[in-house]
Amino acid sequence: MSDPVLYMEEPDERGRFGEFGGRFVPEALIPACLELEAAFIDAWSDAAFIEEYRTVLREFAGRPTPVTPLLRLGEHLGLRIFAKREDLAHTGSHKINNVIGQTLLTKRMGKRRVIAETGAGQHGVATATAAARLGLECTVFMGEVDTERQILNVFRMELLGSRVVPVTSGSRTLKDAVNEAMRDWVTCVADTHYCIGSVMGPHPFPWIVREFQSIIGQEASRQLADFGVDVPDVVIACVGGGSNAAGIFAGFANTSSRLVGIEAAGGSAVGNGSPGVLHGMRSLLMQDEFGQIEEAHSISAGLDYPGIGPEHAHLAQIRRAEYYAIGDEDVIGALRLLSEKEGIIPALETAHAVAWMIREAGGALPTGSTVLLNLSGRGDKDVAQVQAILHAES
Amino acid sequence: MKSLERDLRAVRATGRKLLVPYFMGGLTNDWIEHVEAAVLAGADAVEIGIPFSDPMMDGPVIQEADLRSLTFGTTLDSICDDLSRLDAAVPLIAMTYYNIVLHYGLERAAGKLADSDIHGAIIPDLPLEETGPWIAACDGADVASVLLVAPSTPPERVDQLAARTQGFAYASARMAVTGQSAGGGDGERVVASIRRTSDVPALIGIGIATPNQAKEAAEVSDGVIVGSALVQVILDGGGSSEVEALIMGFRSAIDS
Ligand SMILES: Cc1ncc(COP(=O)(O)O)c(C=O)c1O
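Since this is a predicted model, take the numbers as computed values, not measurements. (Residues numbered from 1 in each chain as written. Chains lettered and ligands numbered in written order. Predicted model: local features only at pLDDT ≥ 70, side-chain atom pairs only at ≥ 80, totals over all residues. Heavy atoms only, no water.)

Engineer: Can you explain the nonpolar core? Please cite residues and give values.
Structural biologist: Counting residues in each nonpolar core, the largest one holds 192 residues, and the members touching the most others are A:Phe249, B:Trp134, B:Phe168 and B:Ile194. Taken domain by domain, the makeup of this core includes at least three residues from each of domain 1 (16-57 + 95-208) and domain 2 (63-93 + 214-393) of chain A. Counting residues in hydrophobic clusters, the runner-up holds 34 residues, among them A:Leu70, A:Ala264, A:Ala334 and A:Leu337. (Core = buried A, V, L, I, M, F, W, Y, C linked by side-chain atoms within 4.5 Å. Buried < 20%, exposed > 50% of the residue type's maximum accessible area, 1.4 Å probe, protein only. Domains from an automatic or database assignment.)

Quick look at the structure:
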């Protein structure tokens, strides 16, 4: 008998998940990637490091986050729904899990400074927060368009002692912020770690970020048992780069659960993309017939990314996970329904996953299914935008 | 040995230092004339940028050139078409990002470049571990796959890069993207590290902005690559005569 196939294991030695992943960066950055890989492998097998990571998450970041049964929404949709409450983690989303891990790793490598890219500002705020807590210097690159859309998050980062650099190149959004962070990293790599915000970039980043986020799935799997749920029928998460999805999928990849990732229709790398190389990785990307990267357009800045993490591209290709897209028009209604039925205002990113659940209840999600929803973040950051949209509609 | 390396070695054998300017393909209607002006003014080879939407290794000047050229609809094919008008006999080297040739098809791209008399290619987001398929494609088409060596590259890796590179070795003078030119840079040390095991032509690039910097770099290498300083002149509206003057300035400094 052959060994059973295991999903979401380590990438191969070239950083590949199947045909995706790899390390497509200039020679100048290769030593830093190798150093990071060695440091992570060493740290992740060191009980003291893992204990420190867990302790900071517990004492500072509010973990474990609860699992909440969504009874009224469940009744409304004919589903049995459980939400993993990443919105209750410090700074309001799952981003803190990754950032705590990477900043601890930064200190372990003897570096004194971190840089990060951010779209909506969630990862930037999380990085600024962890940097303050651990005494690291922090610079965040943010597309100029996003600094205007998310002016309060810019101020938050500054309050936390970070410097925010508006990126004026290209489309002045998330993909350009990643470019600019990479450009900056080349100049300061000796004392600076690039704290990337999702399961993307060159090897080992997609793997490291998934490992630091996998605490979501591990906790949820244990917590569901308390509700008498052995394995949920379906696990659902929204996907920008794919870190919250990777984190929750990791807890269920080797069970019978269906894994479902929801992209924004205007940033759908699985639905509308093709294989290509960007930001250090081979993955699925939205691009034109000449290989020029297209700009993503979504109501939620956190899903405004033309690519997807390479492990998701692989999971899609081998059909271990399914990916669907939700358009802007369905997102606000989903946000309102969750708010009214459950007393939880989700982030616009998260609302995409909710919208899919609403759309597919009784369809792709058969009535009576047990569903685990990753509630990746809270909606406070989006309230003004939602108000403006509803005001314009009325 | 690929023809690019033969050509560059032949120039070196005469005692002349190589001057290699960079032009963004399709940046203006008359970009081919700019290339010709540079050759008249003493360029020994020319690097031709094929624009990409996300030039991760380039600073603001070349980024702007990429985006401006793309708004004119520039593609690998359109650049090759334009080059059929080029009236100059110097080696041409393409510089682009991996997604462009990957999307075109590696073998098809290498064949297209060679057919257009482009006998070298620099793809800065392809490090040693990932370059195999592209080198294989280039080997089928007399295109030299030029590898970069960085100031941060450790000695064993420099040896591997020096052994694998074709045409020449691109010694980056700085831990920086194109266009950053403060300070003296590490070009001399990088070239020396290549020289320990290889006599492949070694050119210094990244931040050669002034004739004086070019002169100093050429003294410790086989020549220099001049990018952003030249592209800036063209972005500012300079034409063939400005290009010619700039290149003559670099030429005479290097030769003095
Ligand atoms: C609440 C929330 N969910 C999801 C995302 C998307 O990122 P990822 O796909 O990496 O989880 C973001 C990104 O900003 C976010 O803020």
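Engineer: Help me get a handle on the site of the ligand, residues and values and all.
Structural biologist: All names here are of chain A. For the ligand, the set of nearby residues contains 18 residues, the closest of which are Ser198, Gly240, Gly242, Ser243 and Ser376. A distance of 3.0 Å separates an oxygen atom of the ligand from a polar atom in the side chain of His94. Taking Ser243, its side chain carries an N or O atom lying 2.6 Å from an oxygen atom of the ligand. Protein chains bury 97% of the 390 Å² of accessible surface belonging to the ligand in isolation. Tallied by class, residues from the shell around the ligand come to 4 nonpolar, 12 polar and 2 charged. (Near = heavy atom within 4 Å. Polar contact = N/O pair within 3.5 Å; in protein donor to acceptor, adjacent residues only side chain to side chain. Areas by Shrake-Rupley, 256 points an atom, 1.4 Å probe, with all protein chains shown as cover. Nonpolar A, V, L, I, M, F, W, Y, C, P; charged D, E, K, R; others polar.)

Engineer: Account for the layout of surface pockets, with residues named and values stated.
Structural biologist: Residues and elements named next belong to chain A. Looking at the largest pocket, its volume works out to about 490 Å³. What lines the largest pocket is a set of 28 residues, among which Gln150, Asn153, Arg156, Asp380 and Lys381 lie closest to the centre. Elements represented by at least two residues in the lining of the largest pocket include exactly helix H5 (122-134), helix H6 (144-149), helix H7 (151-159), helix H15 (348-360) and helix H16 (383-393). For the lining of the largest pocket, the leading source of residues is H7, giving 4 residues. Residues that form the lining of the largest pocket fall into these classes: 10 nonpolar, 10 polar and 8 charged. Both domains that furnish three or more residues to the lining of the largest pocket are identified here as domain 1 (16-57 + 95-208) and domain 2 (63-93 + 214-393). Computed from the structure, the second largest pocket encloses a volume of approximately 280 Å³. (1 Å grid on protein atoms, 1.4 Å probe; cavity = no way out; pocket = protein on both sides within 12 Å on 5 of 7 lines; lining within 4 Å. Points joined across faces, edges and corners; volume = space filled by probe spheres on them. Helix = DSSP H or I, 4+ residues; strand = E, 2+ residues; numbered from the N terminus.)

Engineer: Talk me through the side chain of B:Asp222; I want residue IDs and the actual numbers.
Structural biologist: All names here are of chain B. In this fold, Asp222 is placed in the loop between helix H10 (211-219) and strand S8 (223-226). In this structure the side chain of Asp222 is engaged in a polar contact, spanning 3.0 Å, whose partner is the side chain of Arg12. Engagement of the side chain of Asp222 in a polar contact is seen with the backbone nitrogen of Ala202, the distance being 2.8 Å.

Engineer: Account for helix H6 (residues 106-115) of chain B, naming residues and giving values.
Structural biologist: Residues and elements named next belong to chain B. Here H6 has its buried residues at Leu106, Ala109, Ala110, Leu113 and Ala114. The arc that holds every buried residue of H6, seen down its axis, measures 130°, which confines them to one face. The outward face of H6, more than 90 degrees from its buried face, is lined by the exposed residues Glu107, Arg108 and Asp115. Contacts from the buried residues of H6 go to helix H4 (76-83), strand S3 (92-95), helix H5 (98-104), strand S4 (118-122) and helix H7 (132-139). Downstream of H6 by one or two residues, Asp117 has phi in the positive range, about 65°. (Arc of directions from axis to C-beta. Contact = heavy atoms within 4.5 Å.)

Engineer: Give me the lowdown on the sheet that holds strand S6 (residues 137-143) of chain A, citing residues and values where you can.
Structural biologist: All names here are of chain A. The 4 strands are arranged S7-S6-S5-S8 in an open sheet whose pairing can be described as parallel. Either end of the sheet is taken by a strand with one partner, and the two such strands are strand S7 (163-167) and strand S8 (192-194). When strand polarity is set aside, the average angle formed by the axes of neighbouring strands in this sheet is 25°. Lying on the sheet, H5 is in contact with strand S5 (113-118) and S6; it crosses S5 at an angle near 165°. (Pairing = 2+ DSSP bridges. Axes fitted to C-alpha atoms, helices over the stretch in contact; angles between N-to-C directions.)

Engineer: Explain the domain arrangement of chain A to me, and be specific about the residues and the numbers.
Structural biologist: Residues and elements named next belong to chain A. Each domain of chain A was delimited in the assignment, giving domain 1 (16-57 + 95-208) and domain 2 (63-93 + 214-393). Spacing between the C-alpha centres of domain 1 and domain 2 amounts to 22 Å. Surface buried jointly by domain 1 and domain 2 totals about 3,100 Å² across both partners, of which 60% is contributed by carbon and sulfur atoms. Its largest share of buried area at the contact with domain 2, domain 1 owes to Phe20, Lys175 and Val199, together 20% of the area lost on that side. (Buried area = accessible area lost by both parts, 1.4 Å probe.)

Engineer: Tell me about the interface of chain A and chain B, residues and numbers included.
Structural biologist: Facing 36 residues of chain A, the contacting portion of chain B comprises 35 residues. When residues of chain A are sorted by the area they lose upon contact with chain B, A:Glu27, A:Arg183 and A:Gln292 head the list and together hold 26% of the total. One can count 4 salt bridges joining chain A with chain B. Where A:Lys175 meets B:Asp54, a salt bridge forms, and the shortest distance between an N and an O atom there is 2.9 Å. (Salt bridge = Lys/Arg side-chain N within 4 Å of Asp/Glu carboxyl O.)

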